[in-house]
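Take a look at the letters that make up each chain.
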Amino acid sequence: MTDVVLALDVGGTKVAAALVDGRGTVLREARRPTAAGGWAAAREAIEDVLHGADVRGVGIACAGPIDTVAGTVSPINIADWQDFPLLREVAELVPGVPVELAGDGVCMALGEHRFGAGRSSDHLLGIVVSTGVGGGLVFDGKPFGGRTGNAGHIGHVVVEPGGAPCTCGGRGCAETVAAGPHLVRWARERGWNGSDAGGLAESARAGDEVARAAFERGGHAVGLAIAATAAVCDLDLVVIGGGVAEAGELLFAPVRRTLTTHAGLSFLDKLRVERAELGSRAGLVGAAALIG
């Protein structure tokens, strides 16, 4: 293989490694549950896909917080990884090539910008609405991580002052309203008897008023967070992916309605919201794109 990059995508539930070519095509992939052992799971996934392949670099996407200066990660949902030297550990497995680290939201945004729904825009926000709400920014066609690599954490924009406690230590973050488990919890507290966001979407499509209200509330929270971020960052496109986004217009319709009300500045007139195209591989493809 030539012009191949090793990509690693580390999240709270799974670790994925892949070989990705210059067109964003995943050539070989391996996945492990994060609970299977943290770094051991990541190392096994890397070894499974390498098989002696020559790669020209390694791109790493990881849930945050991260520290791109120190090369360490402290994902909220991986308790054993606090200031874990992920960049160093990966570099020792694949010596002699450049290794780049970025947040998983940044990599999702970069992947969609290069090869997915964001190809038409150089100033975009990528959002993943799933078990959490993550995000990343692309400015002038380049990934933007900010001072430490953590820019774009849209899930922790406050949309309900004094609202529910968040795992980040704050209260009322968009994640506490719109993430899948929170949608489900809110609906169950009001009489819905299902167990997951997929079932909640099915109930909403069937006309269940509580389920529909849950998505309305979640979409409104996402819309508020987008309005604030777009105004600060002068964006023209938002790409939304993740498991909750698979509910389609149940989520997207209230997002767009909220933007109509709250994104009133003239330079936001053409702000678009689109569904992500790369699915669960966006982080891998974007991680590979970190390498030149």
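Rules of the game
- Residues numbered from 1 in each chain as written.
- Predicted model: local features only at pLDDT ≥ 70, side-chain atom pairs only at ≥ 80, totals over all residues.
- Heavy atoms only, no water.
- UniProt positions renumbered as here; feature names shortened; annotations may be inferred.
- Salt bridge = Lys/Arg side-chain N within 4 Å of Asp/Glu carboxyl O.
- Helix = DSSP H or I, 4+ residues; strand = E, 2+ residues; numbered from the N terminus.
- Buried < 20%, exposed > 50% of the residue type's maximum accessible area, 1.4 Å probe, protein only.
- Expected span 1.5 Å × (residues − 1).
- Pairing = 2+ DSSP bridges.
- Axes fitted to C-alpha atoms, helices over the stretch in contact; angles between N-to-C directions.
- Contact = heavy atoms within 4.5 Å.

- As annotated in an unreviewed UniProt entry, the chain carries the name ROK family protein and is attributed to Allokutzneria multivorans.
- Its UniProt record gives the chain the following Sequence similarities (unreviewed entry) comment, quoted word for word: "Belongs to the ROK (NagC/XylR) family."

1. Here's the deal with the pattern of salt bridges
Thought 1: This model, assessed by the stated rule, comprises 14 salt bridges.
Thought 2: The partner of glutamate 160 in a salt bridge is arginine 217, with the nearest N and O atoms 3.3 Å apart. Within this pair, whereas glutamate 160 is found in the loop between β10 (142-144) and α4 (174-178), its partner arginine 217 is found in helix α7 (residues 209-233), the two being separated by 57 residues in sequence.
Thought 3: One salt bridge in this structure joins glutamate 274 and arginine 272, with 3.7 Å as the shortest N-O distance.
Thought 4: Glutamate 274 sits in the partly exposed class, given a relative accessible area of 30%.
Thought 5: Shared partners join several salt bridges into a network, and the residues in it are Glu29, Arg31 and Arg281.

2. Section: helix α8 (residues 249-262)
Thought 1: The terminal C-alpha atoms of α8, which comprises 14 residues, lie 19 Å apart, in line with the 20 Å expected from a rise of 1.5 Å per residue.
Thought 2: Residues of α8 that are buried: Leu250, Leu251, Phe252, Ala253, Pro254, Val255, Thr258 and Leu259.

3. As for the sheet that holds strand β3 (residues 26-33)
Thought 1: Pairing is mixed in the open sheet, where five strands are placed in the order β3-β2-β1-β4-β7. The two strands at the open ends of the sheet, each matched to only one other strand, are β3 and β7 (99-103). Pairs of neighbouring strands in the sheet enclose a mean axial angle of 15°, with direction left out of account.
Thought 2: Across the face of the sheet, helix α2 (residues 86-93) comes into contact with β1 (4-10), β4 (58-62) and β7 while running at roughly 150° to β4.
Thought 3: Strand contacts of helix α9 (residues 282-289): β1, β2 (14-21), β3 and β4, with the helix running at about 130° to β1, the strand carrying the most contacts.

4. Focus: the environment of isoleucine 240
Thought 1: Relative to the elements of secondary structure, isoleucine 240 occurs in strand β11 (residues 237-241).
Thought 2: When the C-alpha atoms of isoleucine 240 and glycine 198 are compared, they prove to be 17 Å apart, with 42 residues separating the residues in sequence.
Thought 3: What isoleucine 240 contacts, discounting residues up to four positions off in sequence, is Met108, Ile127, Val129, Val222, Ile226, Ala245, Leu251, Phe252, Val273, Glu274, Arg275 and Ala276.

5. Digging into the sheet that holds β11
Thought 1: Read across the open sheet, the five strands follow the order β10-β9-β8-β11-β12; overall the sheet is mixed. Single-partner strands in this sheet number two, and they are β10 and β12 (272-275). When the angles between neighbouring strand axes are averaged without regard to direction, this sheet yields 25°.
Thought 2: As paired strands, strand β9 (residues 133-139) and β10 are joined by three bridges and run antiparallel to one another. Pairing of phenylalanine 139 across the sheet is with lysine 142, part of β10.
Thought 3: Lying on the sheet, α7 is in contact with β8 (124-129), β9 and β11; it crosses β8 at an angle near 160°.
Thought 4: The sheet contacts of α8 involve β11 and β12, and relative to β12 the element is tilted by about 170°.

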